[in-house]
Amino acid sequence: MPIHVITAPDKKEPTQNVLQMVIDDMALPLDFEWLITDNLSNKSLNHLIKPAGLTLLAVWQNETLHLTILQLNAQGKLIKTALDWHKLQRRIVTAGRKSELILQASKLDADKRVLDATAGFGQESLILASTGANVMMLECHPVMAMLLRIEQMRMDNEKNWQGLMSRLSIRYGDFLQMPFADKRFDVVYLDPMFPDSSFDAKVGKGMQLLHEWTQPPSLSEEFALLDKALSLADSSGKVIVKRPLSAPNLASAEPSQTFANDAIRFDIYKPLL
Ligand SMILES: C[S@@+](CC[C@H](N)C(=O)[O-])C[C@H]1O[C@@H](n2cnc3c(N)ncnc32)[C@H](O)[C@@H]1O
């Protein structure tokens, strides 16, 4: 898939250096084509977006790189999607078992080991790490994995985010293919793409983008996801699966407990002793 990166003439070199460092470090199968312009207005960006492949806008803010995915919708309107963990600050600072269903479900304490096997935009990883837990974030889409790492680097420049950032480690790869040692984690969290029938068109543009990029797992993949997650959870640990409220259970497996609100639920599975 060709990836076009739009940036200003004086930002090509620093952007290229950062992207290459991330590609090498995470072993990402990515290659870029550069579109250099002085005019980063929406009108100019609108004309630069290529019909095939993916277009990223690279800008620098306070000496740090910020990437935005650019798309045109059916009406030709420019849609910008970016990770912006700043926006989660209030939610993270106030996160607790009362405010966050996922924390009620996980009952995490500091220093616990969590694997977020389907990291996406990383929002739930941040909430899980707000407890003091260490969260390994795994993402199988190379561009998404790159966006996560670059966002982590950007936030790591801010003093009050450094503690949280130091508890996140971001990896690229398919959970089903990754060689992990058994029983390594206290919590394994799975949030695979929702089944098409329960996809709510009201979800944000970020999630709509993920629905274009990745498919929900097949039934055999659902079995494999749950099996592998259970094998990686410590005997006193658990697997947490996020589902839309009305979606069938992952791999048709009955959870031992469920935490639900009016839109979603977190199903808990305990590893066999
Ligand atoms: C629904 S999103 C997760 C959203 C995430 N919980 C958040 O807070 O932003 C699912 C993500 O998991 C990734 N994914 C799906 N299957 C995967 C697998 N087998 N291994 C690693 N990542 C996977 C997809 O690329 C997608 O980015």
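Rules of the game
- Residues numbered from 1 in each chain as written.
- Predicted model: local features only at pLDDT ≥ 70, side-chain atom pairs only at ≥ 80, totals over all residues.
- Heavy atoms only, no water.
- Core = buried A, V, L, I, M, F, W, Y, C linked by side-chain atoms within 4.5 Å.
- Buried < 20%, exposed > 50% of the residue type's maximum accessible area, 1.4 Å probe, protein only.
- Helix = DSSP H or I, 4+ residues; strand = E, 2+ residues; numbered from the N terminus.
- Domains from an automatic or database assignment.
- Contact = heavy atoms within 4.5 Å.
- Salt bridge = Lys/Arg side-chain N within 4 Å of Asp/Glu carboxyl O.
- Pairing = 2+ DSSP bridges.
- Axes fitted to C-alpha atoms, helices over the stretch in contact; angles between N-to-C directions.
- Arc of directions from axis to C-beta.
- Lys, Arg positive; Asp, Glu negative; His and termini not counted.

**Q** Give me the lowdown on the nonpolar core, citing residues and values where you can.
**A** Of all hydrophobic cores here, the largest spans 59 residues; its most connected members are Trp-85, Leu-126 and Met-146. Top contributing element to this core by residue count: helix H6 (residues 142-155), with eight residues. For this core, the two domains that each supply at least three residues are domain 1 (3-82) and domain 2 (86-269). Contacts of Trp-85, omitting those with residues within four sequence positions, involve Phe-121, Gly-122, Leu-126, Met-137, Leu-148, Glu-151, Gln-152, Arg-154, Met-155, Trp-161, Met-165 and Leu-168. Counting 20 residues, the second largest nonpolar core, distinct from the first, contains Leu-138, Leu-226, Ala-229 and Val-241.

**Q** Requested: an account of the pattern of salt bridges, with residues and values cited.
**A** A side chain of one charge can pair with a side chain of the opposite charge when the charged atoms of the two come close. Taken as a whole and judged by the stated rule, the model has eleven salt bridges. A salt bridge links Arg-91 to Glu-100, with the shortest nitrogen-to-oxygen separation between them at 2.8 Å. Note on Glu-100: relative accessible area 8%, which makes it buried. Notably, a salt bridge pairs Arg-97 with Asp-109, separated by 3.9 Å at the nearest N-O pair. Here Asp-109 lies in the loop between helix H4 (101-106) and strand S6 (113-116) and Arg-97 lies in the loop between helix H3 (89-93) and H4, a separation of twelve residues in the sequence. Given the relative accessible area of 40%, Asp-109 is considered partly exposed.

**Q** Account for the sheet that holds S6, with residues named and values stated.
**A** By definition, the strands of a sheet pair up through backbone hydrogen bonds, in either a parallel or an antiparallel sense. With respect to topology, seven strands assemble into an open sheet ordered S8-S7-S6-S9-S10-S12-S11, the strand pairing being mixed. Each having just a single partner strand, strand S8 (168-172) and strand S11 (257-260) make up the two edges of the open sheet. Strand after strand, the sheet turns through a mean of 20° between neighbouring axes, direction not considered. The pairing of S6 with strand S7 (residues 134-139) spans four bridges and is parallel. Each residue of the ladder has a partner; that of Leu-115, found in S7, is Met-136.

**Q** So what's going on with helix H7 (residues 159-166)? Which residues, and what values?
**A** Listed as buried for H7 are Trp-161, Leu-164 and Met-165. What you see down the axis of H7 is that its buried residues fit within an arc of 100°, all on one side. Seen from the open side of H7, the exposed residues pointing more than 90 degrees away from its buried face are Lys-159 and Ser-166. Looking at the buried positions of H7, the neighbouring elements they touch are H3, helix H5 (123-129), H6 and S8.

**Q** Describe unusual backbone geometry, listing the residues and the values that go with them.
**A** Phi is positive for Asn-62, which is not a glycine, with a value near 45°. When you line up the elements, Asn-62 lands in the loop between strand S3 (54-61) and strand S4 (64-72).

**Q** Would you mind going over the side chain of Asp-191 in detail, with residue names and values included?
**A** Along the polypeptide, Asp-191 turns up in the loop between strand S9 (185-190) and helix H8 (205-213). Lys-242 provides the closest opposite charge to the buried, unpaired Asp-191, separated from it by 4.1 Å. In contact with Asp-191, not counting residues within four places along its chain, are Thr-118, Glu-124 and Lys-242.

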